[in-house]
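# Fold and geometry: a report
Here is how the chains run, residue by residue.
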Amino acid sequence: MKISGELHDRLHNCTSLCILTGAGISAESGVPTFRGEEGLWKKFRPEELANFQAFMKNPDLVWEWYSYRRKLIHEVKPNAGHFALAELERLIADCSLVTQNVDNLHRRAGSRSVIELHGNIERSYCVDCRARADDPLPDAERKAPRCAICGGLIRPDVVWFGEMLPVEAFSLAEQAARRCEIFLSIGTSAVVYPAASLPYVALDHGAYVVQINREHTDLSARAHETLLGSAGEILPQLVSCFSTDKRSAT
């Protein structure tokens, strides 16, 4: 994939960048979609487990499923795309990384300014007192853990079906989309709202919008450029748009 001269020049001079990532970049690391899994979980659809009602009805089952998911995610590593985004953060003064993914791979790759729209599977909290409990341990009978402060149930800090996105996180994402000079939409179908609205917010405020995906989406007709291919191949090329002098100065 050859980077256009227009994008090369804009990136080289960019002082404000907003990035939105979706499942596509994580899929390149081997993060499973959790649909059609073998064994016990093949009997369930994610919608049947990833909601608050299911958790309150059978917290042990839901907790076991998320423990299984965490185990699989821990077995994969960030890919070249993740590391390239961490490098862009070091190169551009105002760089906001907005992600729909819960796998924590961006932080593991070194990104610091991460806005997590759907939460983080590495975090947990009490449903009663809201206290953080990031390393809860189930009891010997594999039951869902309880809060050490109030005894309430501990749940994963992810956005379940039927729940709103965290207000503060989405507000920060919108602010970043409004002020950025370049907006990158990476590995996302661009149809799941409200996250899918962010590139259009950027367009409305004059940003140069670039889509990086394996196939065209609804955003393709509006984006200034669509780069078809994998994030792991394309993003390192974007990093190369910066001169050696600028990279050594950061």
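Cut-offs used in this document
- Residues numbered from 1 in each chain as written.
- Predicted model: local features only at pLDDT ≥ 70, side-chain atom pairs only at ≥ 80, totals over all residues.
- Heavy atoms only, no water.
- Pairing = 2+ DSSP bridges.
- Helix = DSSP H or I, 4+ residues; strand = E, 2+ residues; numbered from the N terminus.
- Axes fitted to C-alpha atoms, helices over the stretch in contact; angles between N-to-C directions.
- Buried < 20%, exposed > 50% of the residue type's maximum accessible area, 1.4 Å probe, protein only.
- Parallel < 35°, antiparallel > 145°, perpendicular 65-115°, else oblique.
- Left-handed = near helix turned anticlockwise from the far one by under 90°.
- Contact = heavy atoms within 4.5 Å.
- Nonpolar A, V, L, I, M, F, W, Y, C, P; charged D, E, K, R; others polar.
- Polar contact = N/O pair within 3.5 Å; in protein donor to acceptor, adjacent residues only side chain to side chain.

### What to know about the sheet that holds strand E7 (residues 208-213)
- Read across the open sheet, the six strands follow the order E3-E2-E1-E6-E7-E8; overall the sheet is parallel. Sheet topology places strand E3 (114-116) and strand E8 (225-228) at the edges, where each strand pairs with a single neighbour. Ignoring which end each strand starts from, the neighbouring axes of this sheet average 20° apart.
- In this structure, E7 lies alongside E8, joined through four bridges in parallel fashion.

### A few points about unusual backbone geometry
- With an omega of 10°, the peptide bond between Tyr193 and Pro194 qualifies as cis.
- Phi angles above zero are rare outside glycine, and Asn104 is one such case at about 70°.
- Not every positive phi belongs to a glycine, and Arg130 is a case in point at roughly 70°.
- Assessed through its relative accessible area of 55%, Arg130 is described here as exposed.

### Digging into the pairing of strand E1 (residues 16-21)
- Along E1, six of the six residues are buried, which leaves the element largely enclosed by surrounding structure.
- Going residue by residue along E1, you find Ser16, Cys18 and Leu20 tucked away on one face and Leu17, Ile19 and Thr21 tucked away on the opposite face as well.

### Some words on the packing of helix H6 (residues 80-91) against helix H10 (residues 231-239)
- Between H6 and H10, the least distance of the axes is 7 Å, while the angle of their chain directions is 25°. By the angle between their axes, H6 is roughly parallel relative to H10. The chirality of how H6 crosses H10 is left-handed. In this structure, H6 contributes Ala80, Gly81, Ala84, Leu85, Glu87, Leu88 and Leu91 to the contact, and H10 contributes Ala231, Gly232, Leu235, Pro236 and Val239.
- Among the residues forming the contact of H6 with H10, the class breakdown is nine nonpolar, two polar and one charged.

### Here's the deal with the environment of Gln211
- On the secondary structure map, Gln211 appears in strand E7.
- Of the residues examined, Gln211 reaches a relative accessible area of 0% and is grouped as buried.
- Along the chain, Gln211 and Ile19 lie 192 residues apart, while their C-alpha atoms are 10.0 Å from each other.
- When near neighbours in sequence (up to four residues on either side) are disregarded, Gln211 contacts Ser185, Thr217, Leu219, Ser220, Ala223, Glu225, Thr226 and Leu227.
- A polar contact of 2.7 Å, which involves the side chain of Gln211, links it to the side chain of Ser220.
- Only 3.1 Å separates the side chain of Gln211 from the side chain of Thr226, close enough to count as a polar contact.

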